[in-house]
Amino acid sequence: GAGVSQSPSNKVTEKGKDVELRCDPISGHTALYWYRQRLGQGLEFLIYFQGNSAPDKSGLPSDRFSAERTGESVSTLTIQRTQQEDSAVYLCASSHNTEAFFGQGTRLTVV
Amino acid sequence: AQSVTQPDIHITVSEGASLELRCNYSYGATPYLFWYVQSPGQGLQLLLKYFSGDTLVQGIKGFEAEFKRSQSSFNLRKPSVHWSDAAEYFCAVVIPQAGNNRKLIWGLGTSLAVNP
């Protein structure tokens, strides 16, 4: 596609439920990043995929968070047993070695 | 450790005044350098980037940035700020990793407020 696409754009979920967020990167981009941005805060790195290399999961805040990416295609970020502190905008970016292109994000609200 | 530092968390300037947002990085060589802007309720937009060559780079919206190797800095500047420049500004670097990989590292951002 023309840009990075994320879905859903908004998600409201009940505490304790699992959620799955999707990111469609720009075709041909080998790198994909997930970030979390709480209200008024900076970008919090979550996970980084680069081609077929093992992902860098060093930013995942707990074992409730996981992400997958098959090859250089779609990625999904899964949050299990959501908590209120998980409420944030989740941003995905893709890159082919240099600048990153961001999606519009998924705003997650845990009630 | 590789890192990006934006020393100023919040900056307030008057409309028409000049602006400089600081960015320092920690890396042994010269990375690729970027500035992004995030306006309220908007996504992240690339302002400008530096890969090599002329150390003063021009970007969109009248912004420029200067790479100074000796100071490991890439400060963002604008001669005259407009009210619409109020936003969050992020500095980022791309650093080579093992193999042919490259990793994007971000500063925490500087929030710019513009007084009329």
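Quantities reported herein were computed from a predicted structural model and do not represent experimental measurements. (Residues numbered from 1 in each chain as written. Chains lettered and ligands numbered in written order. Predicted model: local features only at pLDDT ≥ 70, side-chain atom pairs only at ≥ 80, totals over all residues. Heavy atoms only, no water.)

> An account of the interface of chain B and chain A is needed here, citing residue identities and associated values.
Contact with chain B, which involves 18 residues of that partner, is made by 18 residues of chain A. Taking both sides of the interface into account, the surface hidden between chain B and chain A amounts to around 1,600 Å²; carbon and sulfur atoms contribute 53%. Summed over the shared surface of chain B and chain A, the number is one salt bridge. Across the salt bridge formed by Glu-99 of chain A and Lys-49 of chain B, the nearest N and O atoms sit 2.4 Å from each other. The interface formed by chain B and chain A contains five residue pairs in polar contact (both at pLDDT 80 or more). Put simply, the parts of the chain that give the side of chain B that touches chain A at least two residues each are strand E5 (32–38), strand E6 (44–50), strand E10 (87–96) and strand E11 (102–106) of chain B. (Contact = heavy atoms within 4.5 Å. Buried area = accessible area lost by both parts, 1.4 Å probe. Salt bridge = Lys/Arg side-chain N within 4 Å of Asp/Glu carboxyl O. Polar contact = N/O pair within 3.5 Å; in protein donor to acceptor, adjacent residues only side chain to side chain. Helix = DSSP H or I, 4+ residues; strand = E, 2+ residues; numbered from the N terminus.)

> How would you summarise the sheet that holds strand E7 (residues 75–79) of chain A if you had to cite specific residues and measurements?
Residues and elements named next belong to chain A. Spatial ordering of the open sheet is given by E1-E3-E7-E6, a layout of four strands whose pairing is antiparallel. Either end of the sheet is taken by a strand with one partner, and the two such strands are strand E1 (5–7) and strand E6 (65–69). Each neighbouring strand pair of the sheet contributes to a mean axis angle of 15°, computed without reference to strand direction. Summarising the sheet, strand E3 (residues 19–24) and E7 pair through five bridges and their orientation is antiparallel. Across the sheet, residue Glu-20 finds its bridge partner in E7, namely Thr-78. (Pairing = 2+ DSSP bridges. Axes fitted to C-alpha atoms, helices over the stretch in contact; angles between N-to-C directions.)

> So what's going on with the side chain of Thr-13 of chain A? Residues and values would help.
Tracing the sequence through the fold places Thr-13 of chain A in strand E2 (residues 10–13). Beyond its immediate chain neighbours, meaning those up to four positions away, Thr-13 of chain A contacts Val-19, Thr-82, Leu-108, Thr-109, Val-110 and Val-111 of chain A.

> I'd like a rundown of the pairing of strand E5 (residues 44–50) of chain A, residues and numbers included.
Residue and element names in this part refer to chain A. Of all the seven residues making up E5, six are buried; the element is thus mostly covered by neighbouring parts of the structure. Judged from the six bridges that link them, strand E4 (residues 31–37) and E5 form a sheet pairing that is antiparallel. Counterpart to Leu-32 in the pairing with E5 is Phe-49. Counting the residues between successive antiparallel strands, the hairpin from E4 to E5 contains six residues, one of them, Gly-40, with a positive phi of roughly 75°. (Buried < 20%, exposed > 50% of the residue type's maximum accessible area, 1.4 Å probe, protein only.)

> How would you sum up the nonpolar core? Please name residues and give values.
All names here are of chain B. Ranked by size, the top nonpolar core spans 28 residues in total, and within it Leu-19, Trp-35, Leu-47, Leu-48, Phe-74, Leu-76 and Tyr-89 carry the most contacts. When contributions to this core are tallied by element, the ones reaching two or more residues are strand E2 (10–14), strand E3 (19–21), E5, E6, strand E8 (64–68), strand E9 (73–78), E10 and strand E12 (110–115). Looking at this core, the element that brings in the most residues is E10, giving five residues. Filtering out sequence-adjacent residues up to four positions away, Phe-74 remains in contact with Cys-23, Leu-33, Phe-34, Trp-35, Leu-48, Lys-49, Tyr-50, Val-57, Ala-65, Glu-66 and Phe-67. (Core = buried A, V, L, I, M, F, W, Y, C linked by side-chain atoms within 4.5 Å.)

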